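For reference, the chains in residue letters:
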Amino acid sequence: MSNPSLLILPGDGIGPEVMAEVRKIIDWFGAKRGIAFDVSEDLVGGAAYDKHGTPLHDDTMAKAQEVDAVLLGAVGGPKYDVLDFSVKPERGLLRLRKEMDLFANLRPAQCFDALADFSSLKKDVVAGLDIMIVRELTSGIYFGEPRGIIEEGNERVGINTQRYTESEIDRVARSAFELAMKRGKKLCSMEKANVMESGILWREVVTEVAKDYPEVELSHMYADAGAMQLCRWPKQFDVIVTDNLFGDLLSDAAAMLTGSLGMLPSASLGAPMANGRPKALYEPVHGSAPDIAGQAKANPCACILSFAMALRYSFDLGAEATRLEAAVEKVLADGVRTADLLNEEGITPATTSEMGDAVVAALEASL
Ligand code: NAD
Ligand code: IPM
Ligand code: MN
């Protein structure tokens, strides 16, 4: 049997920097655990635009559809601000999500003990935190029609449309309930049913799906109140399910509960393929961080932990995923910190590459 296939799309800014560290981890698993992947690499985002004039070449799209999993760094950057909207780097990522139909975006926010002091929230608010945000990823206001900028009278109007079908809500709700069943059996659904019809439908459909999961305690919250509760007492949550835009905002907020945006991984999952595994793309929640790109400052943990999610969700290697997560936790406990995880003057931060090396060393020590 051939090895499972992995398509790596490093992208722009710090994307290639953090991905270089993941490569070390992949090599380690091949050499020391006999877990080998057929790895190919390609361009996405601004890097693809620079070469092909498009943020995602059709050949890359086709490859992404064929492989067992895609691992993506980050896209975007100020250099591309001037481009036409249709070829902006972010369009490449959105095309991947849409055409692969990756409707369930899992964004776990876990506060490692070693970082509990570092979060901008009080230690007892975040210590031991382990929540999962499930963000709908292929519909809603990101993709709804009509959209555009039109002339109306003597001015222009910017238009985007929030739109959800029952089946789109149903499938992401089921993913969230399934996850809740494997975790703390609590699900909180967030929308704005008080002001949006799509929110009313969202609440109705989620309530209907709940009948198939009687063991899961379902609650509903308006997303604005949800944002407040996430900062007030995040440990009240287990799994949160929400739409595309609210999920984008709430997951960045949740990042700060863990200490840094550089810590948050994600898995974007679609329907099962012929081999029974879901179509999948793994990527850190953060972006290309133009303010620190090229300075060896980026924290590679979010990307490394995204690979751990790939081991768990695409390759049935849950124990190896746990090994990798424990290695990251050990490195943090040992005090290795990239600059985003430090606020004291006078301490020299670890570089991106030193952090990656420390994770490899911790993996080695786990044998
Ligand atoms: P960003 O996530 O790139 O950066 C926000 C802040 O967090 C910056 O100060 C950055 O230095 C810091 N940061 C992010 N990741 C870090 C890491 N791994 N280590 C240390 N610090 C880190 O968000 P932004 O500045 O709003 O966006 C920059 C570009 O990235 C934009 O073009 C945006 O569209 C794009 N973006 C892409 C993705 C993606 O590819 N999935 C996600 C978000 C933003
Ligand atoms: C994310 C990003 C993307 C989004 C952008 C880059 C398209 O912010 O993955 O969180 O808005 O979904
Ligand atoms: Mn985002």
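Residues numbered from 1 in each chain as written. Chains lettered and ligands numbered in written order. Predicted model: local features only at pLDDT ≥ 70, side-chain atom pairs only at ≥ 80, totals over all residues.

An unreviewed UniProt entry annotates the chain as 3-isopropylmalate dehydrogenase originating from Pseudooceanicola antarcticus. Heading Sequence similarities (unreviewed entry) of the UniProt record for the chain holds this comment: "Belongs to the isocitrate and isopropylmalate dehydrogenases family. LeuB type 1 subfamily." UniProt annotates the chain under Catalytic activity (unreviewed entry) with the comment "(2R,3S)-3-isopropylmalate + NAD(+) = 4-methyl-2-oxopentanoate + CO2 + NADH". (UniProt positions renumbered as here; feature names shortened; annotations may be inferred.)

Regarding its fold elements, the chain presents twelve helices and twelve strands. For 367 residues, the compact-globule estimate of 2.2 N^0.38 gives 21 Å, and the chain sits close to it at 20 Å. For the chain, with 367 residues in total, the buried portion stands at 48%. Taking contacts inside the chain between residues at least 6 apart in sequence as the whole, the part at least 24 apart equals 73%. (Helix = DSSP H or I, 4+ residues; strand = E, 2+ residues; numbered from the N terminus. Rg over C-alpha atoms; globule rule 2.2 N^0.38 Å. Buried ≥ 20, exposed ≤ 12 C-beta atoms within 10 Å, placed from the backbone. Contact = placed C-beta atoms within 7 Å.)

When you line up the elements, Glu-364 lands in helix H12 (residues 352–365). C-alpha separation for the pair Glu-364 and Ala-327, spaced 37 residues apart in sequence, amounts to 9.0 Å.

It is worth spelling out the site of ligand 1 at this point. Around ligand 1, a shell composed of 22 residues is seen, among which Gly-76, Gly-262, His-286, Gly-287 and Asn-299 lie nearest. Counted by class, the shell around ligand 1 contains eleven nonpolar, seven polar and four charged residues. (Near = placed C-beta within 6 Å. Nonpolar A, V, L, I, M, F, W, Y, C, P; charged D, E, K, R; others polar.)

We now examine the domain arrangement of the chain. Segmentation of the chain into domains returns domain 1 (1–111 + 261–367) and domain 2 (119–134 + 163–258). Taking the mean C-alpha position of each, domain 1 and domain 2 sit 24 Å from one another. Residue-level contacts link 13 residues of domain 1 with 21 residues of domain 2. Considering only residue class, the side of domain 1 that touches domain 2 consists of ten nonpolar, two polar and one charged. (Domains from an automatic or database assignment.)

The step from Glu-145 to Pro-146 runs through a cis peptide bond, and the omega angle for that step is 0°. Here Pro-146 shows up in strand S6 (residues 144–152). Of note, Asp-101 is a non-glycine position whose phi angle comes to about 55°, a positive value. Following the sequence through the fold, Asp-101 ends up in the loop between helix H4 (89–99) and strand S4 (104–110).

Residues in close proximity to ligand 2 include Gly-76, Glu-90, Leu-93, Leu-94, Asp-248, Val-285 and Gly-287, which together make up its full environment. Tallying contributions element by element places H4 first for the shell around ligand 2, with three residues. Class assignment for the residues of the shell around ligand 2 results in three nonpolar, two polar and two charged.

If you check helix H6 (residues 166–182), its first and last C-alpha atoms are 25 Å apart, about what 17 residues at 1.5 Å a residue would give, namely 24 Å. Three or more residues of H6 are buried, namely Glu-168, Ile-169, Arg-171, Val-172, Ala-173, Ser-175, Ala-176, Phe-177 and Ala-180. For H6, the secondary structure elements touched by its buried residues are S4, strand S5 (130–136), strand S8 (186–191), helix H7 (197–209) and strand S10 (239–242). (Expected span 1.5 Å × (residues − 1).)

Attention now moves to the UniProt feature "binding site: substrate" (unreviewed entry) in the chain. The UniProt record annotates "binding site: substrate" (unreviewed entry) at Arg-97, Arg-107, Arg-135 and Asp-224. Considering the C-alpha atoms alone, the annotated residues occupy 128 residues of sequence and remain spread out, their largest mutual distance being 25.8 Å. For Arg-107, the location among the structural elements is in strand S4. Setting aside chain neighbours within four positions, we find Arg-107 in contact with Ile-133, Arg-135, Ser-251, Leu-264, Ser-266 and Val-285. Examined against the element boundaries, Arg-135 turns out to sit in strand S5. The exposure class assigned to Arg-135 is buried, which follows from the 27 C-beta atoms found within 10 Å. What Arg-135 contacts, discounting residues up to four positions off in sequence, is Asn-105, Arg-107, Thr-242, Asn-244, Gly-247, Asp-248 and Ser-251.

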